[in-house]
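In case you want the letters, here they are:
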Amino acid sequence: MSVARALRLSLLLLPLAASACAADEADMAQVTKDFYTAYMSAPHDGIPGDAGRAQLAPYITTALDQLLIAGDTAEARYAKETNNQSPPIIEGDLFTSLFEGATAFKVGACKADGDHGRCAVFLTYDDHSAKPVNWTDTAMLARTKDGWRIDDIAYGGNWSFGNKGTLTGTLKFALKVAAGQPQ
């Protein structure tokens, strides 16, 4: 194929690729919006049990769901081993940077990169007693056979106390603590 012909072909295909990318980003934004809408209707304290996970399940990957199940099981085992004399391993909101969780959200820009992507999520906590707290976490998504799903969350809060790193990192830490492994 001549260079000129290859160039013409690539110019013809470029709008198709851009269109597919825009569709992916719109799908990612919708799943992220649906996830945070479901999150807002669930309790914001620790690892969710069966009912909380059921609300989030349509929007998360199987891998994340399995990690949440393992975390919930580990929390129950830890509570039993400590005769409920120790606080839970995970306290406060697990799905945002802030211990109290969020009271509002807005999905920002999404970016697809093959079978993975990310969406900025602008979060607010406002209990109407002080100045609202605003921050940005990042929803990390994976393309599955069922479409885009949340696979992890990167915490973006910059205060001293709160979740740091990622949701999956926090869950894996909880599993180690529950198993009596050194941190």
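Keep in mind that what you see is a predicted model, and the values were worked out from it rather than measured. (Residues numbered from 1 in each chain as written. Predicted model: local features only at pLDDT ≥ 70, side-chain atom pairs only at ≥ 80, totals over all residues. Heavy atoms only, no water.)

Novice: Tell me what's going on with helix α4 (residues 167-178), and back it up with residues and numbers.
Specialist: Between its first and last C-alpha atoms α4 spans 17 Å; for twelve residues at 1.5 Å apiece the expected length is 16 Å, and the two agree. Turning to α4, its buried residues number three or more, namely Leu 167, Thr 168, Thr 170, Leu 171, Ala 174, Val 177 and Ala 178. The positive-phi residue at the C-terminal boundary of α4 is Gly 180, with phi of around 75°. (Helix = DSSP H or I, 4+ residues; strand = E, 2+ residues; numbered from the N terminus. Expected span 1.5 Å × (residues − 1). Buried < 20%, exposed > 50% of the residue type's maximum accessible area, 1.4 Å probe, protein only.)

Novice: Outline the environment of Ala 42, supporting the account with residue identities and numerical values.
Specialist: Locating Ala 42 in the fold gives a position in the loop between α1 (3-40) and α2 (50-56). A relative accessible area of 10% means that Ala 42 is categorised as buried. Expressed as a C-alpha distance, the spacing of Ala 42 and Gln 55, which sit 13 residues apart in the sequence, is 7.6 Å.

Novice: Please set out the pattern of salt bridges residue by residue, giving values where relevant.
Specialist: All told, the structure shown has six salt bridges when counted by the stated rule. As a salt-bridge pair, Asp 72 and Arg 53 come within 3.5 Å of each other at their nearest N and O atoms. Of this pair, Asp 72 sits in helix α3 (residues 62-81) while Arg 53 sits in helix α2, and the two are 19 residues apart along the sequence. In this structure, Lys 145 engages Asp 146 in a salt bridge whose closest nitrogen and oxygen atoms are separated by 3.4 Å. Salt bridges sharing partners connect three or more residues here, namely Asp 50, Arg 53, Asp 65 and Asp 72. (Salt bridge = Lys/Arg side-chain N within 4 Å of Asp/Glu carboxyl O.)

Novice: Give me the lowdown on the sheet that holds strand β2 (residues 116-125), citing residues and values where you can.
Specialist: The strands making up a sheet associate through backbone hydrogen bonding, with each pair oriented either parallel or antiparallel. If you walk across this open sheet you meet the four strands as β1-β2-β3-β4, and the pairing is antiparallel. Sheet topology places β1 (104-113) and β4 (147-154) at the edges, where each strand pairs with a single neighbour. Taken pair by pair, the neighbouring strands of this sheet meet at an average axis angle of 30°, ignoring direction. Both β2 and strand β3 (residues 133-144) contribute to a ladder of ten bridges, which runs antiparallel. In the strand pairing of β3, Ala 120 is matched with Thr 138. (Pairing = 2+ DSSP bridges. Axes fitted to C-alpha atoms, helices over the stretch in contact; angles between N-to-C directions.)

Novice: Could you give an account of the state of the cysteines, with specific residues and numbers?
Specialist: Taken as a whole, this structure holds one disulfide when the rule is applied. In this model, Cys 110 is linked to Cys 119 through a disulfide, with the two sulfur atoms separated by 2.1 Å. What sets the handedness of the Cys 110 and Cys 119 disulfide is the S-S torsion sign, and at about 110° it is right-handed. Residue class for Cys 110 comes out buried when judged on its relative accessible area of 11%. Take Cys 119: its relative accessible area is 0%, and that puts it in the buried class. (Disulfide = S-S within 2.5 Å.)

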